[in-house]
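These are the residues of each chain, in order.
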Amino acid sequence: MDRMDRRDFLKKTISGGIAAGSTLAFPGVGKLLAAPTTAAYDLVAVRGGEPDQMFDSAIVSLGGIQTFVPRGSRVVVKPNIGWDVPPERGGNTHPALVGCIIEHCLSAGAREVSVFDHTCDNWRRCYTNSGIEAAVKAAGGKMVSADSEGYYKSVSVPGGQRLKEAKVHEALLNADVFINAPVLKHHSSSMLTIGMKNLMGVVWDRGYWHRNDLHQCIADFSSFRRPDLTVVDAYNGMKRNGPRGVSVGDVVSMKAQIVSTDPVAADAAAAKLFGTDPTDIRHIQIASDMNLGQMNLKALSINRIKI
């Protein structure tokens, strides 16, 4: 779907021009997009399309982005932009997905959409070479720096067992809507990087987490602020040598995406998609035990879409 087709699609979706229960076809989408009916889904799993096509399909079945983004709201989209690698390396969230999310948010009437990550490699190179900065600007969003401690404010984590406080980026603290957009990949310390692990990019001192039971700290911080939406990018799957990867040989084409309002469910479904039992990812199990979400996929209402 090109930009003009998507603009028309977004207008129809946001204005309510798509009748409940109807289906509409759009160039490049491949599968008919079913407008939301009275059925509610806990999670949407999409396979077979480009990153933007899959999000277009997923968000329709969740009621449209306006369900999550009120008019005049300030939105933060948090991709993984931690590494100075191009999109085909699978180290960061795919730029086409990030741009598409921003377009949806602005079409719903968001006042502004900010994007940032506390990167591991040089932040300027990560923003540029990931392709995300260009995609954000083209979509009308705003890139925010996260390389200085001055951007972070101390907050308490009341539900935390190991992590009792953290310094969190002011953009997130000031946001009305929080969309977490992680990439799914292997990680040498946490086994997998998905949604809850991606939240390490909104805090200043990540070293504390690694020194004080990484998995427990990941789950603890997930109790601080629940994302309004978790969008897992599984287009290019880094199957080994994560989180940075060594070469394109570490990546397989998965062409999949998982979207949910439940961050634990999103991580559990993504782990299974990766070929891993969610119970083997300790922070997913801990978060479930802390009642931060549902990891039992059989208890969820899931919409599976093939493009």
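How each quantity is defined
- Residues numbered from 1 in each chain as written.
- Predicted model: local features only at pLDDT ≥ 70, side-chain atom pairs only at ≥ 80, totals over all residues.
- Heavy atoms only, no water.
- Helix = DSSP H or I, 4+ residues; strand = E, 2+ residues; numbered from the N terminus.
- Expected span 1.5 Å × (residues − 1).
- Buried < 20%, exposed > 50% of the residue type's maximum accessible area, 1.4 Å probe, protein only.
- Polar contact = N/O pair within 3.5 Å; in protein donor to acceptor, adjacent residues only side chain to side chain.
- Pairing = 2+ DSSP bridges.
- Axes fitted to C-alpha atoms, helices over the stretch in contact; angles between N-to-C directions.
- Left-handed = near helix turned anticlockwise from the far one by under 90°.
- Contact = heavy atoms within 4.5 Å.
- Nonpolar A, V, L, I, M, F, W, Y, C, P; charged D, E, K, R; others polar.
- Core = buried A, V, L, I, M, F, W, Y, C linked by side-chain atoms within 4.5 Å.
- Salt bridge = Lys/Arg side-chain N within 4 Å of Asp/Glu carboxyl O.
- Right-handed = clockwise from strand over helix to strand, strands pointing away.
- Lys, Arg positive; Asp, Glu negative; His and termini not counted.

All right, on to helix α10 (residues 263-274) then. With twelve residues, α10 should reach 16 Å at 1.5 Å per residue; the first-to-last C-alpha distance of 16 Å fits that figure. Here α10 lies mainly inside the structure; ten of its twelve residues are buried. The N-capping residue of α10, defined by a side-chain oxygen 2.9 Å from the backbone nitrogen of valine 264, is aspartate 262. Following α10 by one or two positions, glycine 275 has its phi on the positive side, about 100°.

Looking now at the pairing of strand β10 (residues 183-187). Where a strand is regular, its side chains alternate between the two sheet faces. In terms of residue burial, β10 counts as a mostly covered element, since four of its five residues are buried. By the bridge criterion, two bridges tie β10 to strand β12 (residues 229-238) in an arrangement that is parallel. By the bridge assignment, lysine 185 is partnered in β12 with methionine 238. The pairing of β10 with strand β11 (residues 191-193) spans three bridges and is classified as antiparallel. Considered in β11, the bridge of histidine 186 is made with leucine 192. In sequence, β10 turns back onto β11 through a hairpin of three residues.

Okay, the packing of α10 against helix α11 (residues 282-289) next. In the contact formed by α10 and α11, the axes pass within 10 Å of each other and the chain directions differ by 150°. The two elements α10 and α11 meet at a crossing, and its hand is left-handed. When α10 is examined against α11, the residues Val264, Asp267, Ala268 and Ala271 are found in contact with a partner set consisting of His283, Ile284, Ala287 and Ser288. Residues that form the contact of α10 with α11 fall into these classes: five nonpolar, two polar and one charged.

The subject of this paragraph is the nonpolar core. Counting residues in each nonpolar core, the largest one holds 91 residues, and the members touching the most others are Phe55, Ile179, Phe221 and Leu229. Per element, the largest residue contribution to this core is eight residues, and it comes from α10. In this view, phenylalanine 221 contacts Val157, Leu163, Ala166, Val168, Leu199, Val202, Val203 and Trp209; residues no more than four positions away in its chain are not counted.

Enumeration over the complete set of coordinates arrives at ten salt bridges. The residue aspartate 176 makes a salt bridge to arginine 74 at a minimum N-O spacing of 3.6 Å. Of this pair, aspartate 176 sits in the loop between α6 (170-173) and β9 (177-181) while arginine 74 sits in strand β4 (residues 74-79), and the two are 102 residues apart along the sequence.

We now examine the pairing of β4. Counting buried residues along β4, five of its six residues qualify, which places the element largely inside the surrounding structure. Sheet analysis places β4 next to strand β5 (residues 112-115), joined by four bridges and oriented parallel. Its bridge partner being in β5, valine 76 is matched across the sheet by serine 114. Chirality of the crossover, the property in question, places the unit of β4, helix α3 (residues 95-107) and β5 among those that are right-handed. Bridge count between β4 and β9: five bridges; the pairing is parallel. Note that in β9 the partner of valine 76 across the bridge is phenylalanine 178.

Our next topic: the environment of asparagine 236. Tracing the sequence through the fold places asparagine 236 in strand β12. Taking the C-alpha atoms as reference points, asparagine 236 and proline 51, separated by 185 residues in sequence, lie 9.8 Å from one another. Once residues lying within four places of it in the same chain are set aside, the contact partners of asparagine 236 are Pro87, Glu88, Gly90, His94, Val183, Leu184, Val251 and Val252. In terms of polar contacts, asparagine 236 uses its side chain to reach the backbone carbonyl oxygen of proline 87, at 3.3 Å.

Looking now at unusual backbone geometry. For the bond from glycine 242 to proline 243, the omega torsion is 15°, close enough to zero to count as cis. Mapping proline 243 onto the fold places it in the loop between β12 and β13 (251-260). Of note, the phi angle at asparagine 291 is positive, near 60°, even though the residue is not glycine. On the secondary structure map, asparagine 291 appears in the loop between α11 and β14 (302-306). Look at asparagine 291 and you get exposed, because its relative accessible area is 70%.

So, about the side chain of lysine 185. Within the secondary structure layout, lysine 185 lies in strand β10. Put simply, lysine 185 is tucked away with no salt bridge, and the nearest opposite charge, on aspartate 117, sits 8.1 Å away. Within the structure, lysine 185 has its side chain in polar contact with the backbone oxygen of glycine 91 (distance 2.6 Å). If we ignore the near neighbours within four places in the chain, the residues touching lysine 185 are Asn80, Trp83, Gly90, Gly91, Met191, Leu192, Thr193, Met238, Pro243 and Phe274.

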